[in-house]
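Structural overview
Read off the chains here:
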Amino acid sequence: MTCIYDLGDSPLCYVKWYRGNFEFYRYTPSENPPHKLFPYPGIHVNIGLSNGTQVVLDGLGLGLSGKVTCEVTTDDAIPQSASLESTLVVHDLPESGPVMVLERTADAYSPGETLRANCSSPPSKPAPILFFIINGNPCGNEGLCERRVVPVSDTLTWSATFLTLHLKPSHFKKGNLNILCKAVINGIYEDQTSIDVKESPVYQVKIGSLRPSSATTLHSSWLCALALFFSSTVMR
């Protein structure tokens, strides 16, 4: 967290940081060391990265979200103080990216079939927004998408999005359909996964009339003549 200020010609006496009404860190440049910590449950100040204009906290818990105040005081004969308040929001991001699964595992799909898929993200706070992109187009323009959010604890939420897509020939670009699932949290987190679905090959069988070849016709005529000759010979 950063605290930016302009003291003009006045020297800095100290900078205090508060969570709510409780001070947890103070920076006094005239002291050695300049850092002073005040125990606060769940707050762990990284002294190596903290100074007069910023404080770095490690391993924040979700319960620490709330009001944070930076107070600056000058080292004048008559000290002057000013403070600035902001809201600390702690996010618990997903441990891994989204996972997409097709309802029916197949090497390929054909136009006319219905493709169903789901995309889910591990529990987090807040839950990411999941959406499908089909061949570069949002789900709403191509298929039906349904989003579900399920609390798994007092703080974490599991989320998933379900896709139903009635396949058309236009969905397959050079025999390939690309389905992408993207997970986004308030501009601070973004991840995605994708699947390429192949179009089933189409086999065309042309059935024509079967006609005997000239060789077959000649062979049949020869057999017929031979039979007649044999018959006349026996009658004699």
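In this text, all values refer to a predicted model and were calculated from it rather than measured experimentally. (Residues numbered from 1 in each chain as written. Predicted model: local features only at pLDDT ≥ 70, side-chain atom pairs only at ≥ 80, totals over all residues. Heavy atoms only, no water.)

1. Digging into the confidence of the model for the protein
Chain-level pLDDT for the protein is 86 on average; 85% of the residues reach the 70-or-more range. Note on residues 212-236: pLDDT is under 50 here. Beyond four places in sequence and across chains, it has one contact. (pLDDT = per-residue confidence, 0-100. Contact = heavy atoms within 4.5 Å.)

2. Regarding the state of the cysteines
Tallied over the full model, the rule gives three disulfides. Between the sulfur atoms of cysteine 3 and its disulfide partner cysteine 70 the distance amounts to 1.8 Å. Judged by the sign of its S-S torsion, about -75 degrees, the bond between cysteine 3 and cysteine 70 is left-handed. Note that cysteine 3 is positioned in the segment before strand 1 (12-19) and cysteine 70 in strand 6 (residues 66-74), a separation of 67 residues in sequence. Each member of the pair, cysteine 3 as well as cysteine 70, carries the same accessibility label: buried. By sequence order of its bonded cysteines, the protein has the disulfide arrangement 1-2, 3-6, 4-5. (Disulfide = S-S within 2.5 Å. Helix = DSSP H or I, 4+ residues; strand = E, 2+ residues; numbered from the N terminus. Buried < 20%, exposed > 50% of the residue type's maximum accessible area, 1.4 Å probe, protein only.)

3. As for the nonpolar core
Residues Leu115, Phe132, Leu163, Leu177 and Ile179 are the most contacted members of the largest nonpolar core, which totals 21 residues. Contributing elements (two or more residues each) for this core: strand 8 (99-102), strand 10 (114-124), strand 11 (129-134), strand 14 (157-166), strand 15 (176-185) and strand 16 (189-199). The element best represented in this core is strand 15, accounting for five residues. Once residues within four sequence positions are removed from consideration, leucine 177 is found in contact with Leu115, Ile134, Asn135, Leu165, Leu167, His171, Phe172, Ile195, Asp196 and Val197. (Core = buried A, V, L, I, M, F, W, Y, C linked by side-chain atoms within 4.5 Å.)

4. Some details on the pattern of salt bridges
The final tally for this structure, using the stated rule, is six salt bridges. As a salt-bridge pair, arginine 116 and glutamate 103 come within 3.9 Å of each other at their nearest N and O atoms. With arginine 116 in strand 10 and glutamate 103 in the loop between strand 8 and strand 9 (108-109), this pair connects stretches of sequence that are 13 residues apart. Judged by its relative accessible area of 36%, arginine 116 falls in the partly exposed class. Residue classification places glutamate 103 among the exposed positions, given a relative accessible area of 59%. (Salt bridge = Lys/Arg side-chain N within 4 Å of Asp/Glu carboxyl O.)

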